[in-house]
Amino acid sequence: QVQLIESGGGLVQAGGSLRLSCVASGRTFTFSTYTVGWFRQAPGKEREFVAAINWSGSSTYYTDSVKGRFIISRDNAKNTVYLQMNSLKPEDAAVYYCAAKTGVIAATQPPYDYWGQGTQVTASS
């Protein structure tokens, strides 16, 4: 069974920074072969793509609204993917989810096979 556990969320003032972590575990789960994405869902809105990173970390992709502010990275030795969020805006407030899939980066939800439970980010103005 695969588990993805997010952490690092919290309350931060607009302009501040947070770093989210996504730790993966599973007896037969080879984390280093999976693409990992971050998604977010604000109250009353659909879940949307934020960023993704391929298995080696050599390729990343961001939604336009976070480019230049967020950085996705991974440490395969720790089975962990990070999302460094800088210059946070009130509109970044949401529950952030990490998800994993095999193959290339995707910016939509269905190709992702495994999902975490989410971590709440609140950015106050």
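Criteria and cut-off values
Counting restarts for each chain: residues are numbered from 1 in the order of the written sequence. For this predicted model, a pLDDT threshold of at least 70 governs which residues receive local features, and a threshold of 80 or more governs which side-chain atom pairs are given and counted, while totals over whole chains, interfaces and linings are taken from all residues. Based on all heavy atoms of the structure, the side-chain values leave hydrogens and waters out of the count. For helices the rule is a DSSP run of H or I covering at least 4 residues; for strands it is a run of E covering at least 2, with both sets numbered from the N terminus onward. Radius of gyration here uses only the C-alpha atoms, and the compact-globule reference equals 2.2 Å multiplied by the residue count raised to the power 0.38. Exposure is judged per residue with a 1.4 Å probe applied to protein chains only, and the accessible area is read against the type maximum: over 50% gives exposed, under 20% gives buried, and values in between give partly exposed. Any two residues having at least one pair of non-hydrogen atoms within 4.5 Å are treated as being in contact. Areas reported here follow the Shrake-Rupley algorithm with a probe of radius 1.4 Å; residue values treat only the protein chains shown as occluding. Positive: Lys, Arg. Negative: Asp, Glu. His and the chain ends are not part of the count. Positions of charges follow a simple convention, taking NZ of Lys, CZ of Arg, CG of Asp or CD of Glu. Aromatic rings from Phe, Tyr and Trp, taking only the six-membered ring of Trp, are treated as a pair when their centres fall within 6.5 Å; an angle between ring planes under 30 degrees marks them as stacked, one over 60 as edge-to-face, and anything in between as tilted. The criterion for a charge sitting over a ring is simple: Lys NZ or Arg CZ within 6 Å of the ring centre, and within 35 degrees of the ring normal.

*Asks:* Can you walk me through the overall build of the chain in this structure?
*Replies:* Scanning the chain from terminus to terminus reveals zero helices and 11 strands. Sequence-ordered secondary structure for the chain, helices as α and strands as β, is β-β-β-β-β-β-β-β-β-β-β. Taken over the C-alpha trace, the chain has a radius of gyration of 13 Å; the compact-globule value for 125 residues is 14 Å, and the two agree within 12%. Here the C-alpha coordinates of the chain stretch approximately 45 × 25 × 25 Å along the principal axes. The burial tally for the chain puts 42% of its 125 residues in the buried class. For the chain, long-range pairs separated by at least 24 residues make up 58% of all intrachain contacts whose partners lie at least 6 apart in sequence. Of the accessible surface of the chain, which amounts to about 6,400 Å², a share of 47% is contributed by carbon and sulfur atoms. Across the chain, 11 positive and 8 negative side-chain charges occur, with their mean positions spaced 5 Å apart.

*Asks:* When you look at the packing of aromatic side chains in this model, what are you seeing that I'm missing?
*Replies:* To describe a pair of aromatic rings, you give the distance between the ring centres and the angle between the ring planes. Across all of its chains, the model carries nine aromatic pairs by this definition. Over the ring of Tyr97 we find Arg47; its NZ or CZ atom is 4.6 Å from the centre of that ring. The residue whose ring lies beneath Arg47 is Trp115, and the NZ or CZ to ring-centre distance is 4.1 Å.

Just distances and angles here, no functional claims.
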